[in-house]
Each structure stands twice: as C-alpha cells, then as structure tokens.
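Given next are the chains, with one letter for each unit.
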Amino acid sequence: MDKIINILGFAGSLRKGSYNRALLRAATELVAKDAKLEIFDLEGIPPFNQDLEQAMPDKVKEFKAKIKASDSILFVTPEHNYSIPGVLKNAIDWASRPYGDNSFDGKPAAIMSASTGMLGGARAQYQLRQVLVFLNMHPLNKPEVFVTFANQKIDEQKVD
Ligand SMILES: Cc1cc2nc3c(=O)[nH]c(=O)nc-3n(C[C@H](O)[C@H](O)[C@H](O)COP(=O)(O)O)c2cc1C
C-alpha cells in the first residue's frame with residue numbers, strides 16, 4: 001500500500017514519569033511500516049470554557065487541526081476513579097466543539113491503557129468507548145490492550 005496512515009496519539013496523563021506516556025512512546029517503535037504515529041502532548045490545554053469556543057486558545061486550535069489531519073486516533077489513558085482522567089475528557093471536550101465542528105467525527109480509533117491496578121484501566125476504557133459513541137468515532141473492538149500493574153513493568157525513570 002502506497003498511502004501512509006497517519007495516526008495521532010495522545011496520553012491522558014501529564015505526569016513526567018507517566019506509564020501511559022511511556023506506553024505511547026513504545027507504540028511509536030511498534031507501528032506498522034505503512035503508518036506513522038505522531039504524539040500530541042495535552043500539556044497546556046486549558047480547562048474547557050464554552051465562552052471561548054469561537055476564539056479557541058492556540059493550543060486547542062493546534063490540537064483540533066492535528067486531529068483533522070490524521071487518519072485515526074490512538075487514545076492512551078490512565079484510569080482515575082474508575083473513569084478517564086479529567087485531563088483527557090477536557091481535551092476531548094474542546095476538540096468536539098464548537099457544535100458542528102467535532103474534529104473526531106467519523107475517525108477510527110484505538111485505545112490502550114496502563115494502570116497500577118489489577119484491571120489495567122479496563123473500566124476507564126469502557127467509559128471512553130461510551131464517549132466515542134457521541135463523537136461518532138469507530139473504535140477498534142479488538143485487540144484490547146490493558147497494561148496491569150504498570151509500575152512493575154514500565155521503568156518510570158525512562159522519561160522523554
Ligand atoms: C486521582 C487518581 C485516581 C486513580 N484511580 C484509579 C482507578 O480507579 N483504577 C486504577 O486502576 N488506578 C487508579 N489510579 C492509579 C493509577 O493507575 C496510577 O496513578 C497510574 O500510574 C496513572 O497513570 P500514569 O502513570 O500514566 O499517570 C488512580 C490514580 C489517581 C492519581
């Protein structure tokens with residue numbers, strides 16, 4: 001296949017030693033030959049404010065443009081209190097707006113998660129899938145990637 005598939009990946013953790021950020025970096029090395037995985041850092045996306053929807057912060061404009069330019073999205077998420085972290089939900093909310101300009105519309109998506117718990121973020125993944133319904137995305141059902149007990153498997157000192 002001649003066409004390169006452009007994947008945009010982002011992790012729902014701002015933590016320097018984040019296991020999910022590490023997972024995303026590892027994915028860039030495993031990506032198929034006919035695909036490119038670009039990482040977008042959610043650091044700097046301000047809290048969502050609907051008053052700013054028509055004059056979005058530059059970082060949000062950049063995020064929306066990168067999503068639109070990509071063929072598919074890779075969500076890499078921690079689990080916070082059985083759900084996706086506010087950082088990720090906040091970024092998704094911005095990119096889904098203003099009404100009628102949902103940057104995710106119609107895109108395929110894949111999900112991975114890492115957590116220090118025994119379910120590896122499974123509950124967060126299923127909550128994310130619910131959000132993807134409204135975003136009109138097409139998440140891959142399988143394979144499912146859950147990294148359990150991530151603190152025993154990922155070297156936190158190996159940061160970007
Ligand atoms: C606010 C908060 C809530 C958490 N809730 C969960 C949870 O519900 N399930 C779980 O498996 N881990 C939970 N954890 C532990 C995370 O799995 C762990 O902090 C993990 O390292 C976060 O991902 P990161 O390394 O990419 O930042 C929670 C952590 C925080 C800070």
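*Asks:* Give a detailed account of the site of the ligand, specifying residues and quantitative values.
*Replies:* As a matter of local geometry, the ligand sits amid 14 residues, with Ser13, Arg15, Ser18, Asn20 and Glu79 nearest to it. Within the contact set of the ligand, a nitrogen atom lies 2.8 Å away from a backbone nitrogen or oxygen of Asn81. Within the side chain of Ser115, a nitrogen or oxygen atom sits 2.8 Å from an oxygen atom of the ligand. For the shell around the ligand, the class distribution of residues is three nonpolar, eight polar and three charged.

*Asks:* Could you give an account of the environment of Ile5, with specific residues and numbers?
*Replies:* Positionally, Ile5 belongs in strand β1 (residues 5-11). Beyond its immediate stretch of four places on either side in the chain, Ile5 contacts Asp34, Ala35, Lys36, Asp71 and Ser72.

*Asks:* Would you mind going over the pairing of strand β2 (residues 35-39) in detail, with residue names and values included?
*Replies:* Of the strand pairs in this sheet, β1 and β2 are connected by five bridges, and their pairing is parallel. From the neighbouring strand, Leu8 faces β2, where its bridge partner is Glu38. For the segment spanning β1, helix α1 (residues 19-30) and β2, crossover handedness is right-handed.

*Asks:* Explain the packing of aromatic side chains residue by residue, including any values.
*Replies:* The tally for this structure, following the rule as stated, stands at six aromatic pairs. With a centroid separation of 5.3 Å and an interplanar angle of 80°, the aromatic rings of Phe10 and Phe75 are classed as edge-to-face. One end of the pair, Phe10, is in strand β1; the other, Phe75, is in strand β3 (residues 72-77), with 65 residues separating them in the sequence. Side by side, Phe10 and Phe75 carry an identical accessibility label, which is buried.

*Asks:* Give a detailed account of α1, specifying residues and quantitative values.
*Replies:* With twelve residues, α1 should reach 16 Å at 1.5 Å per residue; the first-to-last C-alpha distance of 17 Å fits that figure. Turning to α1, its buried residues number three or more, namely Tyr19, Asn20, Arg21, Ala22, Leu23, Leu24 and Ala27. Packing partners of the buried residues in α1 comprise β1, β2, β3, β4 (108-114) and β6 (145-147). N-cap assignment for α1: the residue whose side-chain oxygen lies 3.1 Å from the backbone N of Asn20 is Ser18.

*Asks:* Can you tell me about a nonpolar patch on the surface, naming the residues and giving the values?
*Replies:* Side chains of Met118, Leu119 and Phe149 sit close together on the surface and give an oily, nonpolar patch of about 300 Å² of accessible area. Tracing the sequence through the fold places Phe149 in the segment after β6. Take Phe149: its relative accessible area is 34%, and that puts it in the partly exposed class.

What counts and what doesn't
As a convention, each chain's residues are numbered from 1 in the sequence order in which they are written. At least 70 in pLDDT is required for a residue's local features to be given in this predicted model, at least 80 for side-chain atom pairs to be given and counted, and no such filter applies to totals for whole chains, interfaces and linings, which use all residues. Where side-chain values are given, they derive from all heavy atoms of the structure, hydrogens and water being excluded. Summary of the distance rule: residues count as near a molecule or strand when at least one heavy atom falls within 4 Å of that molecule or strand. Identification of polar contacts relies on pairs of N or O atoms within 3.5 Å, with a donor-acceptor requirement for protein atoms, meaning one able to donate a hydrogen and the other able to accept it, and with residues adjacent in sequence counted only if both atoms are side-chain atoms. Nonpolar residues are Ala, Val, Leu, Ile, Met, Phe, Trp, Tyr, Cys and Pro. Charged residues are Asp, Glu, Lys and Arg, and all others, Gly as well, are polar. Each helix is a run of H or I in the DSSP string that is no shorter than four residues. Each strand is a run of E no shorter than two, and both are numbered from the N terminus. Throughout, a residue-residue contact means that at least one pair of heavy atoms, one from each residue, lies within 4.5 Å. Whether two strands pair comes down to DSSP finding at least two bridges between them. If you view a crossover with the strands going away from you and the path from the first strand over the helix to the second runs clockwise, you call it right-handed. Two aromatic rings, drawn from Phe, Tyr or Trp (for Trp, its six-membered ring), form a pair once their centres lie within 6.5 Å of each other, and the interplanar angle then sorts them: stacked below 30 degrees, edge-to-face above 60, tilted otherwise. Throughout, exposure labels follow a simple rule: accessible area from a 1.4 Å probe, protein chains only, divided by the maximum for the residue type, with under 20% read as buried, over 50% as exposed, and the rest as partly exposed. Given a helix with a known number of residues, its expected span is that number minus one, times 1.5 Å. Patches here: salt-bridge-free residues with over 30% relative accessible area, like charges joined within 9 Å, nonpolar side chains (Val, Leu, Ile, Met, Phe, Trp, Tyr) joined within 5 Å. Under the convention used here, a 1.4 Å probe and the Shrake-Rupley method define accessible areas, while residue burial counts only the protein chains that appear. Criterion for a salt bridge: a side-chain nitrogen of Lys or Arg within 4 Å of a carboxyl oxygen of Asp or Glu.

Interpretation note: all reported values are geometric properties and have no functional meaning in isolation.
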